[in-house]
Amino acid sequence: MRIDVLTLFPAMFDGVFSSSILGKARDKGIVSLNTVNFRDYANNKHNTVDDYPYGGGGGMVLKPEPIFSAVEGITEGLTSDRKPRVILMCPQGQTFNQKLAESFAEEEHLIFICGHYEGYDERIREHLVTDELSIGDYVLTGGELPAMVVIDSVVRLLPGVLGNEMSAVTDSFSTGLLEYPHYTRPAKFRDWEVPDVLISGHHKNVDEWRRRQSLMRTWAKRPDLLENVELTPKERKWFDEWRASLESKEAPSADGKN
């Protein structure tokens, strides 16, 4: 995969692209990570990339010419039949989630545009980008941090990036549910012990315990996620038991025992 980021602050990405999982993925040749300062594509002697908005109002607006020219410079000479997805980081965009991460991970080339100031010239939105993304309903000073979040989420899904390929499959949201609890050595820390089922060696029971925990945790913390989860008759029975426990003012048991 190739990823290009249009930004006025390319130095922000230096540490991110050279460290941890992203750095290892780049070193392995799994992904190419590049930054482009679109100020270099400004067509005026002062290299300005923004201007006052037509019609008046506060703030400055990013001009179309530098951003169009930067994208065209990146894509010039590409031989692939698949056009890159050009992603505008924008508070008006679709809220990013795991499904979108999985969709982007299937692409060969992603181009991110990180804005600043009051906003973008609308012609960028209408005639250049393929996707508009937001990472949440709050305001940041620019699109760099959101782009880093999306890139990290996408790259970790690429084959060969994670040491254990199952990690990405079982993560929270990958299955539509929140992830089950994890434990490691020691089996007893202070007065807290690892659940017996996890050290039993009985894989079927472990799998059932993890599924039950994942469902219960999702029900407690993010019940909205359950709307798109198809439950088995056995799992529906678990929910009936948990509801009955709540109605009788008894907390549901974490290990499935009543």
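Residues numbered from 1 in each chain as written. Predicted model: local features only at pLDDT ≥ 70, side-chain atom pairs only at ≥ 80, totals over all residues. Heavy atoms only, no water.

**Looking at the sheet that holds strand 4 (residues 61–62)**
The sheet built from three strands is open, its strands ordered 3-4-7 with mixed pairing. The open sheet has two edge strands with one neighbour each: strand 3 (50–51) and strand 7 (119–120). The sheet contact formed by strand 3 and strand 4 spans two bridges and is antiparallel. Directly across from Asp 50, in strand 4, lies its bridge partner Leu 62. (Pairing = 2+ DSSP bridges. Helix = DSSP H or I, 4+ residues; strand = E, 2+ residues; numbered from the N terminus.)

**A closer look at unusual backbone geometry**
Here Arg 185 and Pro 186 are connected by a cis peptide whose omega angle stands at 5 degrees. Checked against the element boundaries, Pro 186 lands in the loop between helix 7 (166–170) and strand 9 (188–189). Positioned with a positive phi, Ser 20 is a non-glycine residue whose angle comes to about 50 degrees. When you line up the elements, Ser 20 lands in helix 2 (residues 20–27). Its relative accessible area of 57% is what places Ser 20 among the exposed residues. Despite not being glycine, Arg 190 shows a phi value in the positive range, around 55 degrees. (Buried < 20%, exposed > 50% of the residue type's maximum accessible area, 1.4 Å probe, protein only.)

**Notes on the side chain of Ser 214**
Looking at the element boundaries, Ser 214 is found in helix 8 (residues 203–221). Once residues lying within four places of it in the same chain are set aside, the contact partners of Ser 214 are Leu 177, Leu 178, Glu 179 and Tyr 180. (Contact = heavy atoms within 4.5 Å.)

**Brief notes about the pairing of strand 5 (residues 85–95)**
Across five bridges, the pairing between strand 5 and strand 6 (residues 109–114) is parallel. Each residue of the ladder has a partner; that of Leu 88, found in strand 6, is Ile 113. For the handedness criterion, the β-α-β arrangement of strand 5, helix 4 (residues 98–104) and strand 6 is classed as right-handed. Here strand 5 runs beside strand 8 (residues 131–134); their pairing, made up of five bridges, is parallel. Each bridged residue has a counterpart across the sheet, and for Met 89 the counterpart in strand 8 is Leu 133. (Right-handed = clockwise from strand over helix to strand, strands pointing away.)

**Observations concerning the domain arrangement of the protein**
The domains assigned to the protein are domain 1 (2–156) and domain 2 (188–250). Put simply, the middle of domain 1 and the middle of domain 2, counted by C-alpha atoms, are 40 Å apart. (Domains from an automatic or database assignment.)

**What about the packing of aromatic side chains?**
A complete count under the given rule lists six aromatic pairs for this structure. Seen in terms of ring centroids, Trp 219 and Phe 239 are 5.8 Å apart; in terms of plane orientation they differ by 90 degrees. Their pairing is edge-to-face. Residue Trp 219 is located in helix 8, and its partner Phe 239 is located in helix 9 (residues 233–247); the two are separated by 20 residues in the primary sequence. Aromatic pair Phe 239 and Trp 242: ring centres 5.0 Å apart, planes at 80 degrees, arrangement edge-to-face. Residue Phe 239 and its partner Trp 242 are both found in helix 9; the two are separated by three residues, about one turn of the helix. (Phe/Tyr/Trp six-rings, centres within 6.5 Å; stacked < 30°, edge-to-face > 60°.)

**Details of the layout of surface pockets**
Roughly 410 Å³ of internal volume is contained in the largest pocket. Along the wall of the largest pocket there are 22 residues; nearest its centre are Met 89, Cys 90, Pro 91, Leu 140 and Gly 142. Breaking the lining of the largest pocket down by element, the ones donating at least two residues are strand 5, strand 7 and strand 8. A per-element tally of the lining of the largest pocket places strand 5 first, with four residues. Here the lining of the largest pocket is composed, by residue class, of eleven nonpolar, nine polar and two charged. Looking at the second largest pocket, its volume works out to about 330 Å³. Forming the boundary of the second largest pocket are 13 residues, of which Asn 97, Lys 99, Phe 173, Gly 176 and Leu 225 lie nearest the centre. In terms of residue class, the lining of the second largest pocket is made up of three nonpolar, seven polar and three charged. Split by domain, the residues of the lining of the second largest pocket number at least three in each of domain 1 (2–156) and domain 2 (188–250). (1 Å grid on protein atoms, 1.4 Å probe; cavity = no way out; pocket = protein on both sides within 12 Å on 5 of 7 lines; lining within 4 Å. Points joined across faces, edges and corners; volume = space filled by probe spheres on them. Nonpolar A, V, L, I, M, F, W, Y, C, P; charged D, E, K, R; others polar.)

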